[in-house]
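The lines below spell out each chain.
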Amino acid sequence: MVLAGLVASVTRGVLSRVQIPVNLQQSGLQAVGAAGSLSIWRSFAKGTYLDKNEVTDRVLNVVKHFEKVDENKVNPSVNFQRDLGLDSLDTVEVVMAFEEEFGVEIPDAEAEKILSTNEAIEYIASHPQAK
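Because the structure is a prediction, the values reported are computed rather than measured. (Residues numbered from 1 in each chain as written. Predicted model: local features only at pLDDT ≥ 70, side-chain atom pairs only at ≥ 80, totals over all residues. Heavy atoms only, no water.)

Colleague: How should I be thinking about the overall build of the protein chain in this particular structure?
Modeller: Assigned secondary structure in the protein chain consists of six helices and two strands. Ordered by position in the sequence, the α and β elements of the protein chain form the string α-β-α-β-α-α-α-α. A burial count over the protein chain gives 31% of its 131 residues as buried. Taking the intrachain contacts of the protein chain between residues at least 6 apart in sequence as the baseline, contacts between residues at least 24 apart amount to 55%. (Helix = DSSP H or I, 4+ residues; strand = E, 2+ residues; numbered from the N terminus. Buried < 20%, exposed > 50% of the residue type's maximum accessible area, 1.4 Å probe, protein only. Contact = heavy atoms within 4.5 Å.)

Next comes the structure, spelled out in structure tokens:
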């Protein structure tokens, strides 16, 4: 858990400083101004990750609306099996619902590690393609 947070922090720090030059001719963009006076860069910044509060709200909403869950038991640290009584197949279905909600594909090896809302929140908040 701590390692995932550390990796996410390092990734955000690196991506906020990456700049890639854009070739105007290949991109189809047109420069305005004197020739050679315009420089365009594609920057990757912190904004490419979803806000953790938004992720938390959406993860909790997905879990609350899972048919076998008592929504009154759902909180940011609830364990799917121990606290909500879901079996392993139910947990797989919940993870699939997260994939659909956030538009990401979670590899099986990572999905097996998502056993609580907190683990889902950490994984999705550190995923750059989550929408």
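Colleague: How should I be thinking about helix H3 (residues 52–64) in this particular structure?
Modeller: Three or four residues apart is the spacing at which side chains of an α-helix point the same way, because the helix has 3.6 residues per turn. Over its 13 residues, H3 runs 18 Å from end to end, which matches the ideal 18 Å to within 8%, given 1.5 Å per residue. Among the residues of H3, those classed as buried are Val55, Thr56, Arg58, Val59, Leu60, Val62 and Val63. The backbone nitrogen of Asn53 has a side-chain oxygen 3.1 Å away, supplied by the residue at the start of H3, namely Asp51. (Expected span 1.5 Å × (residues − 1). Polar contact = N/O pair within 3.5 Å; in protein donor to acceptor, adjacent residues only side chain to side chain.)

Colleague: Explain a nonpolar patch on the surface here, please?
Modeller: Together, Leu89, Val92 and Met96 make up a nonpolar patch on the protein surface, roughly 300 Å² of accessible area in all. Tracing the backbone shows Val92 in helix H4 (residues 88–102). We classify Val92 as partly exposed; its relative accessible area is 44%. (Patch = residues over 30% accessible without salt bridge, like charges linked within 9 Å, V, L, I, M, F, W, Y side chains within 5 Å. Areas by Shrake-Rupley, 256 points an atom, 1.4 Å probe, with all protein chains shown as cover. Salt bridge = Lys/Arg side-chain N within 4 Å of Asp/Glu carboxyl O.)

Colleague: When you look at the side chain of Glu99 in this model, what are you seeing that I'm missing?
Modeller: With respect to the element layout, Glu99 can be found in helix H4. When residues no more than four places from it in sequence are discounted, the contact partners of Glu99 are Val104, Glu105 and Ile106.

Colleague: Looking at this structure, I do not really get the pattern of salt bridges. What am I missing?
Modeller: Side chains bearing opposite charge may pair, as long as their charged atoms lie close to each other. Under the definition given, this model contains six salt bridges. A salt bridge links Glu54 to Arg58; its shortest N-O distance comes to 3.0 Å. In this pair, Glu54 and Arg58 are both assigned in helix H3, four residues apart and thus about one turn of the helix distant. With relative accessibility at 18%, the residue Arg58 sits in the buried group. For Lys68, the salt bridge goes to Asp90, with nearest N and O atoms at 2.9 Å. A residue pair is termed long-range when its members are at least 10 positions apart, and Lys68 in the loop between H3 and H4 and Asp90 in helix H4 qualify at 22 residues. You can call Asp90 buried: its relative accessible area is 5%.

Read these as spatial facts, not as claims about activity.
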